[in-house]
Each structure stands twice: as C-alpha cells, then as structure tokens.
Amino acid sequence: MGYNTLVVKTNEVPRNNSVWKGTSAMPITDLLERNSKLYGDEVALVEINPEAQEARRVAWKEYELIQPTADMPYRREITWSIFDEKSNRVANMLLSWGIRRGQKVAILLMNCLEWLPIYFGILKTGAVAVPLNFRYTSDEIEYCLKLADADVLFFGPEFTGRMEAVVPKISREMLLFFVGEGCPLFAEEYLKATANCSSRPPKVLVDDEDEAAIYYSSGTTGFPKAILLKHTALMQSARMEAIHHETTHQDVFLCIPPLYHTGAKMHWFGSLFTGSRAVLLKGNSPSAVFQAASQERCTIVWLLVPWAQDILAALDRGELNIEDFQLSQWRLMHIGAQPVPPSLIKHWLKYFPHHKYDTNYGLSECAGPGCVHLGVDNVHKVGAIGVPGYGWKIKIVDEKNVPVRQGDVGELCVKGPGVMVCYYHNPEATAEVLENGWLHTGDMARQDEDGFIFLVDRKKDVIISGGENLYPVQIEDFLSAYPKVHDVAVIGLPDKRLGEMAAAIIQIKEGMTCTESEINQFCMDLPRYKRPRKIIFAPVPRNPTGKIEKPRLREKYCGVRLVEAQNQG
C-alpha cells in the first residue's frame, strides 16, 4: 500500500446558474448588495420564536408583526433590500462615530433579525466583525473584548447583567450599543443611533483580501483563541456551501444553531450566495423543527447530533407524526461539528428515505465547515467525514510531519483559501498549527482505499491504555448503536497499572432503564482492549455547537482541573 498522497476534489461551478457570474474575487458584502438589486422584494430572512408569548415591540417599521397563536409562533421577516438598507445604516452610523478600516466591532446577541444586518454593516465599513458566544461569562466577555482590541460592542437585553460587571473593567472609550428594549444607562440605543443614518452604501472600498472577522475557538483548555479570517475565507465558504449542497435560489434553509459560530454562519452563506431564503429558528425541540420546516417550506436543514437524536426519539415514541406536517419538500439533512454515529443516519433514513444526507467537517480556523465533506451522493460511506471539499487539499502526517501510509492513522492537515490568517495576538499558538499554508487540525484520521477520510479522534483525546492507543470516537460510535443509549462520551481515567483506562459516560434514552451488565454484554463484540472498563450513567454535556465537553467530564471524573490560560495573547 502506498503512502498517503494529497487528494484534491475538483468541482465545476454550475454553468446554468447566473448567481455564480462575477463571484471569483469579491468581498462578502458584495453578495448582499447584489441580492438587493436582483431580489430586492423577496424575503431574505425569517425569524421564528415558538416560545414568545406576545409580539414584542420592534422599531423596524418594515416588519409585519404576527401575534403568536398555537399554530403560528412569533414571526418576523425582512426582504433583501431591507436587509441591505439596514446594513448600510449600521455602517454609516459606525463611520459617523469614527470607526475605520481594521478596527474591531463585537456582537453579543441571540439569534435575531438584527444580527446579520449588524454583521454586514460592520464589514461594509472595512472594520472587523467579532461575534461572541452568548454563553460567555462576564469574565470571558471581558477577556475576548480585550484580546480582539474591540472598539465597539453591540449587545442584547439578555446580556445586560453580565455587561454591568464588565463595563467598569473595559476602556471608557469603547462604544456600547444596546439592541432591544430597556436600554441601560451605560449604552447607546442602537435603534436611535441608526434611525437618521443614510441607507445608501457607505463610500468605503472593501477588498477581498481585507481582514473581515475574528471568531473564537471553543476554548477547550481555558479561554478561547481569536481566529482572524479574511473576506477571501468567507467567500470561499459561501461558494463552497452552494456547491456542496447544490443550493439554488428556490431553496429555503432552516438555521437553528447560534450565528456567532462559523458553522451556522457559513452554512447560511450558501443562502447568501444564491439569494435564497433562510429561517432563523429560536429553539431546537423536535416539534419546533418540524413545525418551522413545514410552515416555511424548508428544503435544507442542518442539525447537530443531539437534535437529530431527539427527533428520532420523539418519532420512535410516537410523540411526532411525520404525516402531521408538510415535509415533502425537505430534500437535504446534513450534520456537522462532531463525529456522526453511522447508526444515527441509518435510523434517520428509515423515517426519511428520500432525504439526501451530508456530513461536513471543519474548524473555525478554516472558516467553518466544508474543508472535508461526505458528499450528498455518498451515503454508502456514512461514518467517514468524506473527501476534500471544493478548493481544499488534505494530507495525513505522523509526528514528524511525514505523510503516513494510506490506511494508517495520523494528524489531518488541510490547505485552502479558507485557512485563517493567524491566532490574533498569539504568534506562538499560530506557529504550532500553521506551516507553509497547511493547518494542522489536531484531529487524528485515516484515509481508506477510496480516498475517504475517517476521523479517529482528537489528538489530545487519544487514550493510551497498556501501551495501546484507544480512540474514543470509535468506542462512542459502537455504543451509540445500542438501542437504549441516547448519548455517550468516552474519556480516559487514570489507572495505576495501565496508565489510563477507558470510561464510558452514557446517557440513557428518556423513559428507559439500563444496567452496567447490559452494556458490558453488548461490548463483548468489541476487541477486549477497546472495551470500556468503567460505565457511568450520567448526562453527556455538549456545547452550543454540539461538541462533547470532555474537559468538563475529565474535571468531574478525573479530578483534572481546567487550566485558565490567563496569560494567553
């Protein structure tokens, strides 16, 4: 068997789709302006909040407010022309306050219709947008604002309490804009600030090589790193998303994950690229997902593993009935952000045999999902993360950075136009992962004889037990197939004899009971050295992007404290 070689997947831009014309080199903001001209009166974004009790006051007069009912939850929408106009108002407002090219403007908002116009307004000034995780504590907010050198922050009412603790610790020169009702005294009211600003494009030339955004890593070891991306990286994501999922102007994308994360944002970029409609759903309950997909005639839905599991469990229990919803138009379900158990997809296709399916792999360091993807015609390879995505190259290397033999396990490296510029203010961490344009992902992978890549595990999550390398993802995939298991995480526990032993934290499906002996009996089909030596029945914690929070599990069950890297940056 030969050594692992670079694999390049080539995709041709669809020649019959006019939206592709003239998109080879441009900043991401040009797509919004183009959509405003081509599809100005068509709906761009819909916001649905099933949990809202009443229609709250909004000052964007273009909205048609709908009083929530049992069948029609709180809903707002804007057209492409209004989207672009609102972005222009934000840009012109920031320029009037002295914000210029290269300055950093942060966003701390829950998903809402205001989110994306603010984001694009920032970009239209030539400034750098800095989305913040809405789960950050006040200390994390302070840390991230200072690390990014933020000059401005837009924040919503959900964060007033946390911001009260942050304001005394940040520069008095930082501008704070409040998006919502009940503006605190320490901030400016966003709606008033933008009300009298021009809705025409600002006279700022933005280039595709300009810096565009800072996204934060998941922060699995202390405070997160700041990932700097150019407009070229964002455009790569938009073009690639539309190609991978064959997105057309007629598609409707259901977006559930938080917009601060590259996963949700870059998948939505496919809608931006084709000028198609997207629905921002607040909430991820199975009934809310089905209701939104049915009501808005959604054709593409991106789910995280826990949400797909919840939907399947609700269908299995008879709490959801597919026939009660209009779902025939739903053509594609895709999953990313974490390894996907093959058993889950087999289960899904029993309920939705007509669905296309895709798995997307990526990191914020390479502008989100898609540098590797399964491909909608490769469901027979479920379990793999796929092949190099549009415009990407891969290699799998050993500890000396030498390509491994095909089939052997090594570290996955990727190279393409979406790779980050750097970890902002962290040259040491940048040097550890970037080498001659190659991004070392920290993920252990192998490539089969057909060129498909299988994710084995995170490099730092590998368990060394009695001299054997155990890859938790492989054990998790196996345990996920047991009918009573809802979710599972495998970590290494200290062991005097073996060094480490595999422990499985198992979350049982609602309404079911399970014993340790049942799990041990099921694991008899695993090689002896791979069998978990400890079974723990407990909830499996996941972050907002669906990734298992293994540092929390290690802290809880191993006594390993998380290191707060106070001196980073």
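Residues numbered from 1 in each chain as written. Predicted model: local features only at pLDDT ≥ 70, side-chain atom pairs only at ≥ 80, totals over all residues. Heavy atoms only, no water.

1. Brief notes about the overall build of the chain
(1) Moving on: The helix and strand inventory of the chain stands at 15 helices and 28 strands.
(2) Moving on: Relative to its full complement of 569 residues, the chain shows a buried share of 59%.
(3) Moving on: Counting only contacts in the chain whose residues sit at least 6 apart along the sequence, the fraction spanning at least 24 positions is 70%.
(4) Moving on: Entry remark: accessible area of the chain is about 23800 Å², with carbon and sulfur atoms responsible for 48%. (Helix = DSSP H or I, 4+ residues; strand = E, 2+ residues; numbered from the N terminus. Buried < 20%, exposed > 50% of the residue type's maximum accessible area, 1.4 Å probe, protein only. Contact = heavy atoms within 4.5 Å. Areas by Shrake-Rupley, 256 points an atom, 1.4 Å probe, with all protein chains shown as cover.)

2. Details of the pairing of strand β10 (residues 226-230)
(1) Moving on: Within β10, 4 of the 5 residues are buried, which leaves it mostly tucked inside the rest of the structure.
(2) Moving on: Alignment of strand β9 (residues 211-216) against β10, held across 5 bridges, turns out to be antiparallel. Its bridge partner lying in β10, E211 is registered against K230.
(3) Moving on: Sheet analysis places β10 next to strand β20 (residues 422-423), joined by 2 bridges and oriented antiparallel. When the sheet's bridge partners are listed, I227 is paired in β20 with Y423. (Pairing = 2+ DSSP bridges.)

3. Quick word on helix α7 (residues 231-244)
(1) Moving on: A rise of 1.5 Å per residue sets the reference length of α7, with its 14 residues, at 20 Å; its end C-alpha atoms lie 20 Å apart and thus fit the reference within 8%.
(2) Moving on: Burial analysis of α7 places 14 of its 14 residues in the buried class, which makes it a mostly covered element.
(3) Moving on: Looking at the residues trailing α7, positive phi occurs at E246, about 50°. (Expected span 1.5 Å × (residues − 1).)

4. Brief notes about the nonpolar core
Nonpolar side chains in soluble globular proteins tend to end up buried together.
(1) Moving on: One finds Y119, L132, F154, W268 and F290 to be the most contacted residues of the largest nonpolar core, which totals 160 residues.
(2) Moving on: Ignoring any residue separated from it by four or fewer positions in sequence, one finds W268 in contact with L45, W80, F83, L116, F120, F253 and A278.
(3) Moving on: Counting 17 residues, the second largest nonpolar core, distinct from the first, contains I463, L479, V485 and L526. (Core = buried A, V, L, I, M, F, W, Y, C linked by side-chain atoms within 4.5 Å.)

5. A closer look at the environment of V387
(1) Moving on: Among the structural elements, V387 can be located in strand β17 (residues 387-388).
(2) Moving on: On the basis of relative accessibility, which here comes to 12%, the residue V387 falls in the buried class.
(3) Moving on: Residues V387 and G375, spaced 12 residues apart in sequence, show a C-alpha to C-alpha distance of 7.9 Å.

6. Quick notes on the sheet that holds strand β26 (residues 485-495)
Neighbouring strands of a sheet are bound in pairs by backbone hydrogen bonds; such pairs are parallel or else antiparallel.
(1) Moving on: Taking strand neighbours across the sheet as the criterion, the 3 strands line up as β26-β27-β28 in an open arrangement whose pairing is mixed. Single-partner strands in this sheet number two, and they are β26 and β28 (534-537). With strand direction ignored, the average angle separating the axes of adjacent strands in the sheet is 25°.
(2) Moving on: Relative to strand β27 (residues 499-508), β26 runs antiparallel, the two sharing 10 bridges. By the bridge assignment for β27, I491 is matched with A503.
(3) Moving on: Across the sheet, helix α15 (residues 550-558) is in contact with β26, β27 and β28; its angle to β26 comes to roughly 55°. (Axes fitted to C-alpha atoms, helices over the stretch in contact; angles between N-to-C directions.)

7. Regarding the confidence of the model for the chain
(1) Moving on: Per-residue confidence for the chain gives a mean pLDDT of 86, with 86% of residues at or over 70.
(2) Moving on: Contacts from residues 1-18, a stretch scored under 50 in pLDDT, to residues over four places away or in other chains number 42 contacts.
(3) Moving on: The low-confidence segment residues 560-569, where pLDDT is below 50, has 22 contacts with residues more than four positions distant or belonging to other chains. (pLDDT = per-residue confidence, 0-100.)

8. Overview of the environment of L32
(1) Moving on: Secondary-structure assignment places L32 in helix α1 (residues 29-39).
(2) Moving on: The class for L32 is buried, based on a relative accessible area of 0%.
(3) Moving on: Separated by 85 residues in sequence, L32 and P117 have C-alpha atoms that sit 9.8 Å apart.
(4) Moving on: Setting aside chain neighbours within four positions, we find L32 in contact with W80, F83, D84, S87, F120, K124 and L272.

9. Looking at the side chain of T29
(1) Moving on: Relative to the assigned elements, T29 resides in helix α1.
(2) Moving on: For T29, a relative accessible area of 3% translates into the label buried.
(3) Moving on: When neighbours within four sequence positions are excluded, T29 is seen to be in contact with F120, L123, K124 and H231.

10. Things to note about the sheet that holds strand β2 (residues 43-49)
(1) Moving on: Pairing in this open sheet of 9 strands is mixed, and the strands run β3-β2-β12-β11-β13-β14-β15-β16-β17 from one edge to the other. Edge positions in the open sheet fall to β3 (74-79) and β17, since each of these has one partner strand only.
(2) Moving on: One ladder, built from 4 bridges, connects β2 with strand β12 (residues 277-281); its direction is parallel. Along β12, the bridge assignment pairs L45 with A278.
(3) Moving on: Strands in contact with helix α11 (residues 342-351) are β13 (300-303), β14 (332-336) and β15 (356-363); relative to β14, the strand with the most contacts, it is inclined by about 165°.

11. Observations concerning the packing of α1 against helix α8 (residues 262-274)
Packed helix pairs are characterised by how far apart their axes lie and by the angle those axes make with each other.
(1) Moving on: Relative to each other, α1 and α8 sit at 45°, their axes nearing to 8 Å. Relative to α8, the element α1 lies oblique. Touching L31, L32, R34, N35 and Y39 of α1 are L272, F273 and T274, all from α8.
(2) Moving on: Within the contact of α1 with α8, the residues separate by chemical class into 5 nonpolar, 2 polar and 1 charged. (Parallel < 35°, antiparallel > 145°, perpendicular 65-115°, else oblique. Nonpolar A, V, L, I, M, F, W, Y, C, P; charged D, E, K, R; others polar.)

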